[in-house]
Structure formats: C-alpha cells, structure tokens
Amino acid sequence: MYDKKIHILKAAMRVVIAYGFKRISMADIAQEAGISRPGIYQIFRNKDDVFFSCMDMLVDEAFATAYAAIDGVAGQKARASAFLLAYMGYFHDLLVAGPHGQELLDVNNRLGAEKSQAAQARFVAELNGVMGLDASAEEGQVLALAATGIKYNTTDPAQFRARLQMLTERFL
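Residues numbered from 1 in each chain as written. Predicted model: local features only at pLDDT ≥ 70, side-chain atom pairs only at ≥ 80, totals over all residues. Heavy atoms only, no water.

Peer 1: Got a minute to help me understand the overall build of the protein chain in this structure?
Peer 2: Secondary structure summary: the protein chain contains nine helices and zero strands in total. The helix and strand sequence of the protein chain, counted from the amino end, reads α-α-α-α-α-α-α-α-α. Relative to its length of 172 residues, the protein chain is compact, with a C-alpha radius of gyration of 17 Å against a globular reference of 16 Å. Seen through its principal axes, the protein chain has C-alpha atoms that stretch 50 × 30 × 25 Å. (Helix = DSSP H or I, 4+ residues; strand = E, 2+ residues; numbered from the N terminus. Rg over C-alpha atoms; globule rule 2.2 N^0.38 Å.)

Now the structure itself:
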C-alpha cells in the first residue's frame, strides 16, 4: 500500500475507534486525514471499501507485530507463545481501544467474514510454521480457536494476556 492510502486508513481507524463504523462518513474520514472527500474517493469507492482495506492493513500489521515479537526468541514453545500473544494481542487491543469494539465485531462479521476467515487460515498456517509443524496441522487450529474465544470474551488487557499465557503453557 502506498503512503496516501495508509494515511487515510490510519485516519479511518482513529474515527472508527472513536465513533463506531455506523456513525462515521467518508467526510469524517477525510476530515481526520486532512484531505478532501473527493481525494478519498479517488482511492476508495465507498466506506465498505475503506473497511476492507483497513482489514488488510490490520492483518499485515498484526503479522509484523507477531514476527517482531519472536525475533531473537529461542525455542519453539517460547516462539509460538510469543507469536500467539503478539498477534492476538494486537487485535484485542483494537477491540478494547474504544467503546465500539462489539460494533466492530458485528461489522466485521457482516462485511468482512471472508477476509477474517482468510486471515485466520493464514494465522493458523504461520503459527504451525513457528511451531515447526506442517501448515495444516491441527495444533495451530486448536490454539487459534481457543485464543479467539479468549480474545472475544475478555475485556481486561492484563487478564487477556494472562489467559493466553495460561493457554500456551498448558497446550505447548
């Protein structure tokens, strides 16, 4: 993605977190980004297109965060735990960053289910790789499903991380 698009997507995320997806308009995103509304429409067709592009950006950022977290970490268990905590923690932090976390989940389920499924499949494959397993191994799927349940049902960041740590200590 190029700089102007990233700038707009970061602005969109700020207004979505602050006001919720349903309440914002392309004009709100433009104002936050400091560009004209027609300038946004040169890059994005509509608000849903912005949402889909935000999803792509967030998934890429979550993977970058996860790989940075395992840089220099020795041992497959420690690496897998750090990878899982960083990736899931990235999205958990977004969900609890503002008062509209549940709305974001609802919009994601309504508009972005396919992208979410693809991101989850990629996460499972890459987590398995970090664990030294075949990309399709069940271990990654089980960890991902359990961690996703924890992510959606724990609002406190410290408790979320403690629960994920418990999961990895018992499973890995």
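We are not done yet, so read on.
Peer 1: Whenever I open this one, the packing of aromatic side chains confuses me. Can you help?
Peer 2: To describe a pair of aromatic rings, you give the distance between the ring centres and the angle between the ring planes. With the rule as written, the count across this model stands at nine aromatic pairs. For the ring pair Phe83 and Phe123, a centre distance of 5.9 Å and an interplane angle of 5° mean the geometry is stacked. With Phe83 in helix H5 (residues 76-96) and Phe123 in helix H7 (residues 113-130), this pair connects stretches of sequence that are 40 residues apart. Judged by its relative accessible area of 0%, Phe83 falls in the buried class. With relative accessibility at 0%, the residue Phe123 sits in the buried group. (Phe/Tyr/Trp six-rings, centres within 6.5 Å; stacked < 30°, edge-to-face > 60°. Buried < 20%, exposed > 50% of the residue type's maximum accessible area, 1.4 Å probe, protein only.)

Peer 1: I keep staring at empty space enclosed by the protein and nothing clicks. Help me out?
Peer 2: Summary: where empty space remains is shown by rolling a probe the size of a single water molecule over the atoms. Under the definition given, this model contains one cavity of 30 Å³ or more. Estimates place the volume of the largest cavity at around 30 Å³. The wall of the largest cavity is formed by Ala12, Val16, Phe21, Ile24, Ile29, Lys47, Val50, Phe51 and Cys54. Elements represented by at least two residues in the lining of the largest cavity include exactly helix H1 (3-19) and helix H4 (47-70). Here the lining of the largest cavity takes four residues from H4, the largest share from any one element. In terms of residue class, the lining of the largest cavity is made up of eight nonpolar, no polar and one charged. (1 Å grid on protein atoms, 1.4 Å probe; cavity = no way out; pocket = protein on both sides within 12 Å on 5 of 7 lines; lining within 4 Å. Points joined across faces, edges and corners; volume = space filled by probe spheres on them. Nonpolar A, V, L, I, M, F, W, Y, C, P; charged D, E, K, R; others polar.)

Peer 1: How should helix H2 (residues 26-33) be read in this particular structure?
Peer 2: One turn of the α-helix equals 3.6 residues, which is why residues spaced by three or four share an orientation. Within the sequence span of H2, burial applies to Met26, Ile29, Ala30 and Ala33. Around the axis of H2, the buried residues are gathered within 100° of arc, so they sit on the same side. Where H2 is buried, its residues contact H1, helix H3 (37-41) and H4. Where H2 ends, the next residue or the one after it, Gly34, has phi of about 75°, a positive value. (Arc of directions from axis to C-beta. Contact = heavy atoms within 4.5 Å.)

Peer 1: Help me understand the packing of H4 against helix H6 (residues 101-111), please; the structure alone is not making it clear to me.
Peer 2: Helix-helix packing: each pair is described by the crossing angle between the helix axes and the interaxial distance. The geometry of H4 relative to H6 is characterised by a closest axis approach of 11 Å and an angle of 100° between their N-to-C directions. When the axis of H4 is compared with that of H6, the two are roughly perpendicular. For the pair H4 and H6, the contacting residues are Asp48, Phe51, Phe52 and Met55 in the first and Val107, Asn108 and Leu111 in the second. Grouping the amino acids of the contact of H4 with H6 by side-chain chemistry returns five nonpolar, one polar and one charged. (Axes fitted to C-alpha atoms, helices over the stretch in contact; angles between N-to-C directions. Parallel < 35°, antiparallel > 145°, perpendicular 65-115°, else oblique.)

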